[in-house]
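Inside the fold
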Amino acid sequence: MGVNATPDEETGHGSAPSMQQVKGEIQHSIAVMQENMRAMAVRESQLLNLDEKSAALNGVSTVFQRGAKRLYQQQMWQRYKFFVALVSTITWAACVVMFRNHLKALMMFTALAAVVAWIASHYLWQSPVNDLNLDEEKTQLVRAPQESIDEYDGISGSTS
């Protein structure tokens, strides 16, 4: 049982451990086992806490990914609109130069095209991500409390 028998001085043979020593060792073993059970319960609660935090982080990262995708689509939509406006302006300037003699008709056509473009942009061609509002806080991020470095034992994962 791990008890070292001391040799008896008179006979030279090892003496059997006393009942008191055996009870002491059993009590010590029980105390160590109970401490291990407590440590295991603490680790289990820490693992559950970590699991909850990782699930929350997964949800927040999914929301962030969707928002980033919407923002990218909105930026691409704005970039397309800019290039359309740039090409239209260059084409209009070329038409002004080429049709100098018909400026009245060109200005009427330009006004009509501007009205049609305004109506189309406001009523027909909605942005593919028209619900993106970066100022509105849909999800509030909360930082998890940090454990003190002095309390944390990096090898066993337990706190002291």
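Residues numbered from 1 in each chain as written. Predicted model: local features only at pLDDT ≥ 70, side-chain atom pairs only at ≥ 80, totals over all residues. Heavy atoms only, no water.

Before going further, it helps to spend a moment on the overall build of the protein. A count of helical and extended segments in the protein gives two helices and zero strands. Across the 160 residues that make up the protein, the buried fraction comes to 4%. By element, 62% of the accessible surface of the protein is carried by carbon and sulfur atoms, the whole surface being about 14,400 Å². (Helix = DSSP H or I, 4+ residues; strand = E, 2+ residues; numbered from the N terminus. Buried < 20%, exposed > 50% of the residue type's maximum accessible area, 1.4 Å probe, protein only. Areas by Shrake-Rupley, 256 points an atom, 1.4 Å probe, with all protein chains shown as cover.)

Our focus in this paragraph is the packing of helix H1 (residues 19-98) against helix H2 (residues 103-124). Each pair of packed helices can be described by the angle between their axes along with the distance between the axes. For the pair H1 and H2, interaxial distance at closest approach is 10 Å and the crossing angle is 160°. It follows that H1 is roughly antiparallel to H2 by the angle criterion. When the axes of H1 and H2 are compared, the crossing they make is right-handed. Residue-level inspection shows Trp-92, Cys-95 and Val-96 of H1 in contact with H2, the latter providing Leu-103, Leu-106, Met-107 and Thr-110. In the contact of H1 with H2, the residues fall into six nonpolar, one polar and no charged. (Axes fitted to C-alpha atoms, helices over the stretch in contact; angles between N-to-C directions. Parallel < 35°, antiparallel > 145°, perpendicular 65-115°, else oblique. Left-handed = near helix turned anticlockwise from the far one by under 90°. Contact = heavy atoms within 4.5 Å. Nonpolar A, V, L, I, M, F, W, Y, C, P; charged D, E, K, R; others polar.)

A cluster of nonpolar side chains, Val-115, Trp-118, Ile-119, Tyr-123 and Leu-124, forms an exposed patch at the surface whose accessible area comes to about 570 Å². Relative to the assigned elements, Ile-119 resides in helix H2. (Patch = residues over 30% accessible without salt bridge, like charges linked within 9 Å, V, L, I, M, F, W, Y side chains within 5 Å. Salt bridge = Lys/Arg side-chain N within 4 Å of Asp/Glu carboxyl O.)

Here we come to the packing of aromatic side chains. If you walk through the whole model with that rule in mind, you get two aromatic pairs. Each ring, one from Trp-118 and one from Tyr-123, has its centre 6.4 Å from the other, and the planes form 85°; the classification is edge-to-face. According to the relative accessible area criterion, Trp-118 is partly exposed, its value standing at 46%. (Phe/Tyr/Trp six-rings, centres within 6.5 Å; stacked < 30°, edge-to-face > 60°.)

The next thing to look at is the confidence of the model for the protein. With 68% of its residues at a pLDDT of 70 or more, the protein shows a mean pLDDT of 78. Contacts from residues 8-12, a stretch scored under 50 in pLDDT, to residues over four places away or in other chains number two contacts. (pLDDT = per-residue confidence, 0-100.)

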